[in-house]
Structure formats: C-alpha cells, structure tokens
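Coordinate analysis (summary)
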Amino acid sequence: MPDTPAATQRARVRVPLRFHDGYSVDAELVTFHGLADGQEHVAVVLGEAAPDTVPLVRLHSECLTGDVFGSARCDCGPQLREAVERIAETGGILLYLRQEGRGIGLYNKLDAYALQDQGLDTYEANAALGLPEDGRDYTAAAQMLNALGVTSLDLLSNNPDKADQLRALGIDVHDRVPTGVFTTPHNVRYLRAKVLQTQHTLPLAQLSAG
C-alpha cells in the first residue's frame, strides 16, 4: 500500500447481530492496531465467500442518527441493514468506519441539519459551516482490508469516490455494486444532492424533489 504503515489485527470476537425487523446473523467483529487516523474502526466479517471469488465489501460510515435512531433524514440505516444481509449471503466484510457526518462529526452534522432546514442542501450546509463537503479518507479502510488479507473486492456502494480512493491506495476494486434506493419524504433532497454534487449512482428520475 503506498507509503502507509501496515495495520495488524488486534482481536476477533463472534457477535450475533439482530435488527429491528427480526433479521439476525452471526458475525465476527475485528479490531485493529496501527490505523492511520487513530480511530476505533471495526470490520464486520459476514458469511463465507466461495473459493476463488472476490468478497463483497461495504465501507459504511457511522451514522448515529440513522443507524441507531432510525432517522428518516438519510438512508444510512436502511443501507446498513441491506448491506449486512447481502454480504452475509455471498461472504464478505462490512467496514464500520467512525466518520460521522461524512467526517465532520456528530455535532457539526446536526448544525448542518439546521442549515438544511433553512434551504441549503447537505453539501452547501457543510460549506456554510466552513467544513469540507466530504471529509472522509479511506486510508484506514485500506489498512484494514490488507490486514484481513483482502486486496481485491466488489464494492457495495453508490459512491464513486470510495472506489477511487481504494484503488489509489492499492486495493483492486473489481466491480462497484449499487445499493438499494431508500427514499422517505425527508431524505429525497439529500439523495438528489448526492447524485448532482458527487455523482452517486442513484436513479435521479425516481428522486422527486418533493
């Protein structure tokens, strides 16, 4: 990996996962030493990939409001739920990355929500706060994958930047697999902004400005 120290596995523990809709699956959670950003990211290993196939991998950024509280202002919770099941079916890894609010943190994300209530989109709100539109760096993700022995993968994501960053970090992204489309009356403007501002592969025609 280009000029980046190697991370090592710290511990592995089996954890049965259960979601609000009753779906359950056994997972192995892996922690690491030596991650570049010093954050406590976790790999969730699910299912078992068939021999000679590349694993399905998702880089999922932490979203307290969506993942835990079920916020309808984003699609993070449904994406997490979908990703766990899809990865478990084929075998692969979900990297749960501590990058709340596309890297700006929880409090700043909530401040950005307040600006969105005044008419700004999610990227404009970040900029108005003097913050990057998307501050995420996937160096630690590449370190985690290398520590797990994964150098080639199919990436479960609508975000081309994730694939571009991983490739630049020496990971072979064989294919980018889109997630489902999870709209609510509260998140369609957010989803449209992701398509228009950062070229997420979502069907724009289905995202009514509402």
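Described in the following lines is the structure provided in the data block. (Residues numbered from 1 in each chain as written. Predicted model: local features only at pLDDT ≥ 70, side-chain atom pairs only at ≥ 80, totals over all residues. Heavy atoms only, no water.)

The next subject is the packing of aromatic side chains. Applying the stated criterion to the full structure yields one aromatic pair. Measuring from centroid to centroid gives 6.2 Å for Phe-19 and Tyr-23, while their planes differ by 40 degrees, and the two rings are tilted. The exposure classification of Phe-19 matches that of Tyr-23, with both residues buried. A cation over a ring is seen here: Arg-73 above Tyr-113, with NZ or CZ 4.2 Å from the ring centre. Cation over ring: Arg-81 sits above Phe-19, and NZ or CZ is 5.8 Å from the ring centre. (Phe/Tyr/Trp six-rings, centres within 6.5 Å; stacked < 30°, edge-to-face > 60°. Buried < 20%, exposed > 50% of the residue type's maximum accessible area, 1.4 Å probe, protein only. Lys NZ or Arg CZ within 6 Å of the ring centre and 35° of its normal.)

Okay, helix α4 (residues 106-116) next. Of all the positions in α4, only Lys-109, Ala-112, Tyr-113, Leu-115 and Gln-116 are classed as buried. Angularly, the buried residues of α4 cover 160 degrees about the axis, an arc narrow enough to put them on a single face. (Helix = DSSP H or I, 4+ residues; strand = E, 2+ residues; numbered from the N terminus. Arc of directions from axis to C-beta.)

This paragraph deals with unusual backbone geometry. The phi dihedral of Asp-52 falls on the positive side, at around 65 degrees, and the residue is not glycine. With respect to the element layout, Asp-52 can be found in the loop between β3 (42-46) and β4 (56-61). For Asp-52, a relative accessible area of 85% corresponds to the exposed category. A positive phi angle is found at Arg-102, which is not glycine, with a value near 55 degrees. Turning to its location among the elements, Arg-102 is positioned in helix α3 (residues 100-103).

So, on to helix α7 (residues 160-168). Residues of α7 that are buried: Pro-160, Lys-162, Ala-163, Gln-165 and Leu-166. For α7, the side-chain oxygen to backbone nitrogen distance between the N-cap and Asp-161 is 3.0 Å, and the N-cap itself is Asn-159. Looking one or two residues past α7, Gly-170 carries a phi angle of roughly 95 degrees, positive in sign. (Polar contact = N/O pair within 3.5 Å; in protein donor to acceptor, adjacent residues only side chain to side chain.)

Our focus in this paragraph is the pairing of β4. Of all six residues in β4, six are buried, a share of seventy percent or more. The side-chain alternation of β4 yields two buried faces, one formed by Leu-56, Arg-58 and His-60 and the other by Val-57, Leu-59 and Ser-61. Across six bridges, β4 lies against strand β5 (residues 92-97) in parallel orientation. Across the sheet, residue Leu-56 finds its bridge partner in β5, namely Gly-92. By the bridge criterion, two bridges tie β4 to strand β6 (residues 152-156) in an arrangement that is parallel. Across the sheet, residue Leu-56 finds its bridge partner in β6, namely Asp-154. (Pairing = 2+ DSSP bridges.)

In this section: the pattern of salt bridges. Applying the stated criterion across every chain, the model contains eight salt bridges. For Arg-12, the salt bridge is made with Glu-28, and the minimal N-O distance between the two is 2.9 Å. With Arg-12 in strand β1 (residues 8-18) and Glu-28 in strand β2 (residues 24-33), this pair connects stretches of sequence that are 16 residues apart. On the basis of relative accessibility, which here comes to 18%, the residue Glu-28 falls in the buried class. A salt bridge links Arg-73 to Asp-117, with the shortest nitrogen-to-oxygen separation between them at 3.2 Å. Residue Arg-73 is found in the loop between α1 (64-68) and α2 (76-90), and its partner Asp-117 is found in the loop between α4 and α5 (122-128); the two are separated by 44 residues along the sequence. What you see here is one network of salt bridges that share partners, running through Asp-21, Arg-81 and Glu-85. (Salt bridge = Lys/Arg side-chain N within 4 Å of Asp/Glu carboxyl O.)

It is worth spelling out the sheet that holds β6 at this point. Pairing is mixed across the open sheet formed by seven strands, whose spatial order is β1-β2-β3-β5-β4-β6-β7. The sheet is open, and its two edges are formed by β1 and β7 (172-177), each paired on a single side. The sheet shows a mean angle of 30 degrees between the axes of neighbouring strands, direction not considered. Its contacts with the sheet place α2 against β1, β2, β3, β4, β5, β6 and β7, and it is angled at close to 160 degrees to β4. The strands touched by α7 are β4, β6 and β7; relative to β7, the strand with the most contacts, the crossing angle is about 170 degrees. (Axes fitted to C-alpha atoms, helices over the stretch in contact; angles between N-to-C directions. Contact = heavy atoms within 4.5 Å.)

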